[in-house]
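What follows is each chain in one-letter form.
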There are 2 protein chains.
Amino acid sequence: MKHTISCRVRNRPGVLARVAGLFSRRGYNIDSLAVSAAHQPGESRMTIVVEDAENIMGQIVQQLYKLIDVIQVIDHTGDTVVERELALLKIQAPAEKRMEILQLALVFRARAVDISEGAVVLEVTGSPDKIDAMERVMDPYGIAEMVRTGKVIVARGTRAT
Amino acid sequence: MKHTISCRVRNRPGVLARVAGLFSRRGYNIDSLAVSAAHQPGESRMTIVVEDAENIMGQIVQQLYKLIDVIQVIDHTGDTVVERELALLKIQAPAEKRMEILQLALVFRARAVDISEGAVVLEVTGSPDKIDAMERVMDPYGIAEMVRTGKVIVARGTRAT
């Protein structure tokens, strides 16, 4: 099972290396990680997805809190959340296949953001599972390139993280 | 000026810590970072945005290549690219403000993905600049929470990264 942690940190050189180091020293593989500016000036927000960490989530949270420049850590296990990921997929699309690919894209509510002679770039957002499904459906056409952001998450309702 | 690097790496514990360590040891602050599964099995793809690194981009690329489990590094400076970021914003929205907020969201092609008694969660995708603009417009209503994925990028046309 995958677990998601939200982390508010001060935006300083080194904080990402410390967080990544904590996971790697213990041999925990990070499934995905998204770090970007937070709403609070001078802060960043990280969303970390870790696999198979059921028994040690409490430990991970405690150890993250001990790191310099880490402000807040939330383990979202069991929370009711909105989770989203964005992906860009470049699909090999000769003219005769283009319409078929664009029709399929509609099923996933994906949008074509670039079309060239031999390729289409699709933008899609949704749960990681939905993006996995779209990847499988597009695979037979030839995926020249795929880039995913990793999942981000907010708790439903009014609570602020 | 901001620079964007794409990095294909083997999905092993430690590779993220090595990449992050490379940046922090040199005092370069990472503006945003997105890491998730690549299309190639066993690989991840990182998109790293670095600020003010004009003179040392060549150096950074070289040093990334020397790291264990790094397969490919591309500096996108000067490339024609599609760039996208996703954000979830939780806006404080008492009933009497809700419609106003949802109307504004439309301008940014944002979608409401959760509505509760006192808050609305909006999903938006676009360039980082567009998300900055939406953050500024929503700020007076009260942003309870914002989480951004960091930018991802693919080159336009048929070239595969």
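Residues numbered from 1 in each chain as written. Chains lettered and ligands numbered in written order. Predicted model: local features only at pLDDT ≥ 70, side-chain atom pairs only at ≥ 80, totals over all residues. Heavy atoms only, no water.

K.L.:
Describe the interface of chain A and chain B, and please don't skip the residues or the numbers.
P.N.:
In this assembly, 60 residues from chain A lie in contact with 60 residues from chain B. Summed over both partners, the interface of chain A with chain B buries about 5000 Å², with 56% contributed by carbon and sulfur atoms. Per-residue buried area on chain A facing chain B is highest for His39, Glu145 and Val147 of chain A; these three make up 12% of the total on that side. On inspection of chain A and its partner chain B, the count reaches 6 salt bridges. Glu145 of chain A is paired through a salt bridge with Arg45 of chain B; the nearest N and O atoms lie 3.0 Å apart. (Contact = heavy atoms within 4.5 Å. Buried area = accessible area lost by both parts, 1.4 Å probe. Salt bridge = Lys/Arg side-chain N within 4 Å of Asp/Glu carboxyl O.)

K.L.:
How would you summarise the pattern of salt bridges if you had to cite specific residues and measurements?
P.N.:
A side chain of one charge can pair with a side chain of the opposite charge if their charged atoms are brought near each other. Residues and elements named next belong to chain A. Scanning the entire structure with this criterion turns up 29 salt bridges over all chains. Arg10 is the partner of Asp69 in a salt bridge, and the nearest nitrogen-oxygen pair spans 3.3 Å. Of this pair, Asp69 sits in the loop between helix 2 (57-65) and strand 4 (70-75) while Arg10 sits in strand 1 (residues 2-10); the two residues are 59 residues apart in sequence, bridging distant segments of the chain. With a relative accessible area of 34%, Arg10 lands in the partly exposed category. Between Arg148 and Asp132 there is a salt bridge, with the nearest N and O atoms lying 2.7 Å from each other. With a gap of 16 residues between them, Arg148 in strand 8 (residues 143-148) and Asp132 in helix 4 (residues 128-138) connect regions that are remote in the sequence. What you see here is one network of salt bridges that share partners, running through Arg10, Arg12, Arg18 and Asp69. (Helix = DSSP H or I, 4+ residues; strand = E, 2+ residues; numbered from the N terminus. Buried < 20%, exposed > 50% of the residue type's maximum accessible area, 1.4 Å probe, protein only.)

K.L.:
Explain the environment of Val137 of chain B residue by residue, including any values.
P.N.:
Residue and element names in this part refer to chain B. As for its placement among the helices and strands, Val137 is situated in helix 4 (residues 128-138). Given a relative accessible area of 31%, Val137 falls into the partly exposed group. In this structure, the C-alpha to C-alpha distance between Val137 and Ala105, residues 32 residues apart in sequence, is 9.6 Å.

K.L.:
Lay out the relation of the copies chain A and chain B in plain terms, naming residues and giving numbers.
P.N.:
Its rotation angle being 180°, the transformation that places chain A on chain B also includes 0.0 Å of axial translation and leaves an RMSD of 0.0 Å. Look at the turn and shift together and you get a two-fold axis relating the two. In terms of proximity to the rotation axis, the leading residue of chain A is Ala34 of chain A, whose C-alpha is 2.3 Å off the axis. Both copies share a contact surface, since 100% of the interface residues of chain A are interface residues in chain B too. (Least-squares fit on C-alpha atoms with pLDDT ≥ 70 in both.)

K.L.:
Describe in detail the packing of helix 1 (residues 15-25) of chain A against helix 1 (residues 15-25) of chain B, supporting the description with residues and values.
P.N.:
Following both chains from N to C, one finds helix 1 of chain A and helix 1 of chain B inclined at 155°, their axes separated by 8 Å at the closest point. For the element pair helix 1 of chain A / helix 1 of chain B, the angle class is roughly antiparallel. Helix 1 of chain B is crossed by helix 1 of chain A, and the crossing has left-handed handedness. Residue-level inspection shows Leu16, Ala17, Ala20, Gly21 and Ser24 of chain A of helix 1 of chain A in contact with helix 1 of chain B, the latter providing Leu16, Ala17, Ala20, Gly21 and Ser24 of chain B. Taken together, the residues of the contact of helix 1 of chain A with helix 1 of chain B break down into 6 nonpolar, 4 polar and no charged. (Axes fitted to C-alpha atoms, helices over the stretch in contact; angles between N-to-C directions. Parallel < 35°, antiparallel > 145°, perpendicular 65-115°, else oblique. Left-handed = near helix turned anticlockwise from the far one by under 90°. Nonpolar A, V, L, I, M, F, W, Y, C, P; charged D, E, K, R; others polar.)

K.L.:
How would you summarise the environment of Arg8 of chain A if you had to cite specific residues and measurements?
P.N.:
All names here are of chain A. For Arg8, the location among the structural elements is in strand 1. Relative accessible area serves as the criterion here: at 18%, Arg8 is assigned to the buried category. Taking C-alpha positions, Arg8 is 28 Å from Glu123, a pair spaced 115 residues apart along the chain.

K.L.:
Account for the domain arrangement of chain A, naming residues and giving values.
P.N.:
Residues and elements named next belong to chain A. Under the domain assignment used here, chain A contains domain 1 (2-78) and domain 2 (82-153). When each unit is reduced to the centre of its C-alpha atoms, the spacing between domain 1 and domain 2 is 29 Å. Each partner contributes residues to the interface: domain 1 has 9 residues there, and domain 2 has 5 residues. Taken together, both faces of the contact between domain 1 and domain 2 bury some 500 Å²; the carbon and sulfur share is 59%. If you sort the residues of domain 1 by the area they bury against domain 2, Thr4, Ala34 and Thr47 come out on top, with a joint share of 52%. The tally of links between domain 1 and domain 2 comes to 0 salt bridges. Counting residues per element, the ones that place at least two in the side of domain 1 that touches domain 2 are strand 1, strand 2 (30-37) and strand 3 (43-51). Here the side of domain 1 that touches domain 2 is composed, by residue class, of 3 nonpolar, 5 polar and 1 charged. (Domains from an automatic or database assignment.)

K.L.:
If you had to explain helix 4 of chain B to someone new, which residues and values would you point to?
P.N.:
Residues and elements named next belong to chain B. For helix 4, every residue scored as buried is listed here: Pro128, Ile131, Met134, Glu135 and Met138. With its buried residues spanning 120° around the axis, helix 4 presents them on a single face. Exposed side of helix 4, more than 90 degrees from the buried face: Asp129 and Arg136 are the residues found there. Contacts made by the buried residues of helix 4 are with strand 5 (81-92), helix 3 (95-107), strand 7 (119-126) and strand 8 (143-148). (Arc of directions from axis to C-beta.)

K.L.:
Give a description of the side chain of Glu145 of chain B that names residues and reports values.
P.N.:
Position of Glu145 of chain B among the secondary structure elements: in strand 8. Assessed through its relative accessible area of 3%, Glu145 of chain B is described here as buried.

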